[in-house]
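Fold and geometry: a report
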Amino acid sequence: MKIHLIFITILFLVSCGNGKKVYFEAKEKKDISLYETFLVEYPKSKFLEQAKSEKYVLEESRDWRIIDGGQNRTDYERFLTLYPDGEHAAQARKDLDNIIENEDWNVAKTNPKSDKLKKFITMHPDGKHIVEAEKLLNETIESEDWASASIKNTIEAYDKFIANYPYSIYRESAVKAREILQEKLDWEQTIILNTLADYNRFIVLYPKGAHYYEAVKKIRTLETKPIYDAVKLKNT
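What you see as residue numbers is a count from 1 along each chain, following the sequence as written. Local features in a predicted model are, by the rule used here, given only for residues with pLDDT of at least 70; side-chain atom pairs are given and counted only at 80 or more, and totals for whole chains, interfaces and linings are based on all residues. Only heavy atoms go into the side-chain values, all of them from the structure, while hydrogens and water stay out.

Per-residue confidence from the prediction method is given by pLDDT, with values spanning 0 to 100. Per-residue pLDDT for the protein chain has a mean of 90; in total, 87% of the residues score no lower than 70. Across residues 1-16, where pLDDT falls below 50, the model places seven contacts with residues more than four positions away in sequence or in other chains. Should any heavy atoms of two residues lie within 4.5 Å, those residues are considered in contact.

Our focus in this paragraph is the environment of Ile155. Relative to the assigned elements, Ile155 resides in helix H9 (residues 155-164). With a 1.4 Å probe rolled over the protein chains alone, any residue whose accessible area is under 20% of its type maximum counts as buried; one over 50% counts as exposed, and the rest are partly exposed. Residue classification places Ile155 among the buried positions, given a relative accessible area of 14%. With 22 residues separating them along the chain, Ile155 and Ala177 place their C-alpha atoms 8.3 Å apart. Aside from chain neighbours lying at most four places away, what touches Ile155 is Arg178, Leu181, Gln182 and Leu185. Only DSSP runs of H or I reaching four residues or more are called helices, and only runs of E reaching two or more are called strands; each is numbered from the N terminus.

Further remarks concern the packing of helix H4 (residues 48-67) against helix H5 (residues 73-82). Note on geometry: axes are lines fitted to C-alpha atoms, helical ones only across the stretch in contact, with angles between N-to-C directions running from 0 to 180 degrees. For the pair H4 and H5, interaxial distance at closest approach is 11 Å and the crossing angle is 170°. Put simply, H4 runs roughly antiparallel to H5. Residue-level inspection shows Tyr56, Glu60, Asp63, Trp64 and Ile67 of H4 in contact with H5, the latter providing Asp75, Tyr76, Arg78, Phe79 and Leu82. Side-chain classes are defined by residue name, with Ala, Val, Leu, Ile, Met, Phe, Trp, Tyr, Cys and Pro counting as nonpolar, Asp, Glu, Lys and Arg as charged, and the others, Gly among them, as polar. For the contact of H4 with H5, the residue count by class is six nonpolar, no polar and four charged. Every angle not falling under 35 degrees, over 145, or within 65 to 115 is termed oblique; those three ranges are roughly parallel, roughly antiparallel and roughly perpendicular.

Shown next as structure tokens:
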């Protein structure tokens, strides 16, 4: 029984030792493994908290050197979880923000949609891609509006598009599509009226139109009709 108590006492005294030699050796060599040995063997040392702090600094520096300059999002997230208040935490957050922005930008600019680009701009209002994003958003909205006008395929839709985008790359197509619809509408009205004056007006308005030759034929028919009617009347 006495031997057992003596053994426990010795272990206790050892554990309570200040481990000064081991601690200063670890400090001098900046050796993480020596700090780990010290922390395990001398948990009651007066240098304990200081050793923990110094070990933390060494580990943070080691891990920062490993990930610094990399583009792995998980590495930076893990680093900040381990060292939220470390010396390199601010730079790590900045680098992580850049990585996330780059990832989000790649998603937003691939098959761009206005809603995706608006979301990107909202999430990264001061990001390095903001100018590109705003430019691409404007172009995308214009393309979407053109697609919408084309689907509607009405004079009103094309008029609205031309008014909103007077310098659009789609303006010429919009004007041409509108002219086709307007010509069709005018031709239908001309046929209903069916007068020389209206057919003549039509060929002046649409000298290269799809119904130009039909209009010319109608004009000739109407011009010869009085003569034909007169001859017919004479022969009756």
